[in-house]
Amino acid sequence: MIILGIDPGSRLTGYGVLDVSAAQPRYVDSGCIRMSQVSLDQRLAQIYAGISEVIALHRPAEFAIEQVFMSKNADSALKLGQARGAAIVCAANHGLPVFEYGPRQIKQAVTGTGAAEKSQVQHMVTHTLKLSATPQADAADALAIALTHCFARRRLTPGNDQLEALGLGNTSRRKGTRVRRSSSWRDFEPDA
């Protein structure tokens, strides 16, 4: 089974692809989707298109993404939230279940401490996946997100509501629900 991890950003979005069908997670691919210096709406479209290409190439079964964290800079937090939204919509439109993990959860799962530095995350991702070189920081973060989801899946059976109860991540939106693909945007009916 293939997992796609995403480290969202409005200028640089990292992705990491792992094959978790064997006992040891296996590295498949990683990299960054670099947005050009254009308007935010065009950058969001580039995020969507880039993730669509990765999904088409690797055909992941599940999608894991970092939760938004509160920032002192409200503008940056809003842009990050919009980048996450573009990535989640892309996953939903491809019919992938979406799982979210907080920054501390990811660091804890990969390094053993929720207060780890970026360099420690990079080192542990390189070591765990037996990579010959250290991936770029955003790609390493995306691989760490995919690893976190892999570890959470192995502790619990897929679809088990214990994911949220244990704080290991949750499926998108509400407890126990997944983002579902509708047949068309025209089928959307807002709550009254």
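Cut-offs used in this document
- Residues numbered from 1 in each chain as written.
- Predicted model: local features only at pLDDT ≥ 70, side-chain atom pairs only at ≥ 80, totals over all residues.
- Heavy atoms only, no water.
- Buried < 20%, exposed > 50% of the residue type's maximum accessible area, 1.4 Å probe, protein only.
- Helix = DSSP H or I, 4+ residues; strand = E, 2+ residues; numbered from the N terminus.
- Pairing = 2+ DSSP bridges.
- Salt bridge = Lys/Arg side-chain N within 4 Å of Asp/Glu carboxyl O.

This part is about the pairing of strand E2 (residues 12-19). Walk down a regular strand and you will see the side chains alternate between the two sheet faces. For E2, a buried count of seven out of eight residues is recorded, marking the element as mostly surrounded by other parts of the structure. Pairing geometry for strand E1 (residues 2-7) and E2, over six bridges, is antiparallel. Considered in E2, the bridge of Leu4 is made with Val17. Hairpin connection of E2 to strand E3 (residues 26-34): six residues between the antiparallel strands.

Quick look at the pattern of salt bridges now. Any two side chains of opposite charge can pair if their charged atoms end up close together. Under the definition given, this model contains five salt bridges. The salt bridge involving Asp75 is made with Lys79; its shortest N-O contact spans 3.4 Å. You can see Asp75 and its partner Lys79 sitting in helix H2 (residues 74-93), four residues apart, about one turn around the helix. The exposure class of Asp75 is partly exposed, given its relative accessible area of 44%. Looking at Lys79, the relative accessible area reads 24%, which means it is partly exposed. Linking Glu100 and Arg84 is a salt bridge whose minimum nitrogen-to-oxygen distance equals 2.8 Å. With Glu100 in strand E5 (residues 98-101) and Arg84 in helix H2, the pair connects residues that are 16 residues apart, well separated along the chain.

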